[in-house]
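A structural walkthrough
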Amino acid sequence: MIERFDFSDLRELFAKANEEKSGDQLAGIAARSERERVAAKRKLADMTLGEIVRRPLIDASEDDVTRLILDTFDQEAFHPLASMTVGEFREFLLDDGTTDIQIQQLQSAIIPEIAAATAKLMSNKDLVLGAARIRNVTRCRNTMGERGTLGIRVQPNHPADDIGGIVLAAFEGLLYGCGDAVIGVNPATDSVATVSTILLALNRLVEAYGVPTQTCCLAHITTQLAALERGAPVDLLFQSVAGSELANRSFGITLSMLREGGQQVLEHHHQRDVCWAGDQVMYFETGQGSALSTEAHHGVDQLTLEARAYGVARAFQPFLVNSVVGFIGPEYLADERQIIRAGLEDHFMGKLLGLPMGCDVCYTNHAAADQNSTDNLLLLLTAAGCNYFMGVPCSDDVMLNYQSTSYHDALAARRLFQLRPSPEFLAWLQSMGIYRGTEPTPLDAPARLQLMRGLESSLDRTV
């Protein structure tokens, strides 16, 4: 008996073609069987890219993210791609003859829904291979994303926002050669006073050692800008973003707020006595399931909504983008298999759209995952050319109460794949005696004394 499947619209087709995700099941839009999933994938593979552009999944009249996507992609560059099917586009990206330069020339012509459709047709290996050839380089205080490098964000969170504890944890990360992506703190209290104090303390640490890296306090954008007005130094302006207007409203943000905030920070940079390597000042975080968790998904699957969040990020030319892949919880990514799949999807889609993708390889304590799960995804994403990972003391975030990757995990990934920190940061590590060549080295007595004096000076001005 022949089994036939019909899909009422493009949203249903996209959702049914997605790999199994607990979030799509929670929303009631997932494929009901593997047969239905395969049928959806086959139909999606035969759809042209032009048809996807002509049929927005969320109508532009009711969603500013859709309007942003359609207004900002390069229509002239897209024209030669319009008649290509999703399946043919997948083959083009994976073809040995396709170069990274060819892909980079097309990035601005690809809308997020095309990136999502392509990811749905790929195996995990395909996602690694497709992303590995793409490098998206960005610059703020230093340079991130060059081939042969792997950056690490030092994440020295503290449950009471104790400044001494934050500075000591950040200092430890620097000794491991971590922190070139950013020294970024998630504050326990989202207040202007707390954020200002953290930003000032991190800046004192960076100035004490002359570290060529960025600092950030990951509070709400309005809190960071208020701290900026009070005189706090802001290197990167952070905000979580999502793939629909309603979801972004639930975060308390609008596209105009992002645009105006980025401009304020850029003007602030021009007034500071800092040797900036570039003008990229935004830092965005995302995660599959965020729109569903706020009931703002419009019936669209969580993978496609994640791609649309990257469409938002791309419009603001960010220095860093980070998929916090397992943080939202098992309601959206239930276990190791789903977390690994989502991490590879997110990284591939972001890279394809031209973004400097990092990943917080993580899980919450009630998910069906463990530290081996993070090791597996960490190594797969390193092979895929991920720009950066998290460096959390002992891999256990004591403020956010979730499990991520540690400073020594970062060293292991660099060593296994023969990668190095960002060029400016590596030169600093060598000058401080923390690295010899491209490898960490034991500190001699004069180097230890110099480092401790810098730490004491930073702490003296903090307390």
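The preceding data block contains the structure.
Residues numbered from 1 in each chain as written. Predicted model: local features only at pLDDT ≥ 70, side-chain atom pairs only at ≥ 80, totals over all residues. Heavy atoms only, no water.

Turning our attention to the overall build of the chain. Per the secondary structure count, the chain includes 22 helices and 14 strands. The C-alpha radius of gyration computed for the chain amounts to 22 Å, which stays within 12% of the reference 23 Å derived for 463 residues, consistent with globular compactness. Residues counted as buried form 61% of the 463 residues belonging to the chain. The contacts of the chain with a sequence gap of at least 6 include a subset with a gap of at least 24, amounting to 78%. (Helix = DSSP H or I, 4+ residues; strand = E, 2+ residues; numbered from the N terminus. Rg over C-alpha atoms; globule rule 2.2 N^0.38 Å. Buried < 20%, exposed > 50% of the residue type's maximum accessible area, 1.4 Å probe, protein only. Contact = heavy atoms within 4.5 Å.)

Another point: the environment of Glu306. Summarising the element assignment, Glu306 is placed in helix 17 (residues 302–314). Residues Glu306 and Met349, 43 residues apart in the sequence, show an inter-C-alpha distance of 8.9 Å. If near-sequence neighbours (up to four positions away) are discounted, Glu306 is found in contact with Thr286, Gly287, Gln288, Ser323, Asp346 and Met349.

In this section: the pattern of salt bridges. Pairs can form between side chains of opposite charge once their charged atoms are near each other. Following the criterion strictly, the structure yields 23 salt bridges and no others. A salt bridge links Arg32 to Glu36; the nearest nitrogen and oxygen atoms lie 2.9 Å apart. Classification of Arg32 by relative accessible area gives exposed; the value is 69%. For Glu36, a relative accessible area of 1% translates into the label buried. We note a salt bridge from Arg37 to Glu34, for which the minimum N-O separation is 3.0 Å. Pair noted here: Arg37 and Glu34 are both in helix 3 (residues 34–45), with a separation of three residues, about one helical turn. Salt bridges linked by common partners bring Glu12, Lys16, Arg32 and Glu36 together as one network. (Salt bridge = Lys/Arg side-chain N within 4 Å of Asp/Glu carboxyl O.)

Right, let's talk about helix 21 (residues 423–431) for a bit. Where helix 21 is concerned, the buried positions are Phe425, Leu426, Trp428 and Leu429. Buried residues along helix 21 cover an arc of 160° about the axis, so they all sit on one side. Turning to helix 21, the residues buried within the fold contact helix 11 (163–175), helix 12 (192–209) and strand 13 (435–436). Following helix 21 by one or two positions, Gly433 adopts a phi angle in the positive range, close to 80°. (Arc of directions from axis to C-beta.)

The next point concerns the environment of Ser458. Structurally, Ser458 is set in helix 22 (residues 445–462). Taking the C-alpha atoms as reference points, Ser458 and Ile111, separated by 347 residues in sequence, lie 46 Å from one another. When near neighbours in sequence (up to four residues on either side) are disregarded, Ser458 contacts Val167, Ala201, Arg204, Leu205 and Ala208.

Quick look at empty space enclosed by the protein now. Counted under the stated rule, the structure contains three cavities of 30 Å³ or more. Estimates place the volume of the largest cavity at around 50 Å³. Ile52, Val53, Pro56, Leu57, Thr66, Ile69, Leu70, Ile111, Glu113 and Arg308 are the residues that line the largest cavity. When residues of the lining of the largest cavity are traced back to their parent elements, those giving at least two are helix 4 (49–54) and helix 5 (64–72). At three residues, helix 5 tops the list of elements feeding residues into the lining of the largest cavity. (1 Å grid on protein atoms, 1.4 Å probe; cavity = no way out; pocket = protein on both sides within 12 Å on 5 of 7 lines; lining within 4 Å. Points joined across faces, edges and corners; volume = space filled by probe spheres on them.)

A word on the layout of surface pockets. Taken as a whole, the largest pocket encloses approximately 490 Å³ of empty space. Taken together, 25 residues make up the lining of the largest pocket; nearest its centre are Asn186, Phe238, Ser240, Glu285 and Phe327. Those elements giving two or more residues to the lining of the largest pocket turn out to be strand 6 (237–240) and strand 7 (282–286). Across the lining of the largest pocket, the residue classes tally to 12 nonpolar, nine polar and four charged. One number sums up the size of the second largest pocket: a volume of about 250 Å³. For the second largest pocket, the lining is made up of 14 residues, of which Gln280, Arg314, Gln317, Leu353 and Gly354 are closest to its centre. Looking at side-chain class alone, the lining of the second largest pocket contains six nonpolar, seven polar and one charged residues. (Nonpolar A, V, L, I, M, F, W, Y, C, P; charged D, E, K, R; others polar.)

On to the side chain of Thr213, then. Turning to its location among the elements, Thr213 is positioned in the loop between helix 12 and strand 5 (215–217). A polar side-chain atom of Thr213 sits 3.2 Å from the main-chain carbonyl oxygen of Asp180. In this structure Thr213 touches Arg141, Asn142, Gly179, Asp180, Ala181, Val182, Ile183, Val206, Asp235 and Phe425, once residues within four positions along its chain are discounted. (Polar contact = N/O pair within 3.5 Å; in protein donor to acceptor, adjacent residues only side chain to side chain.)

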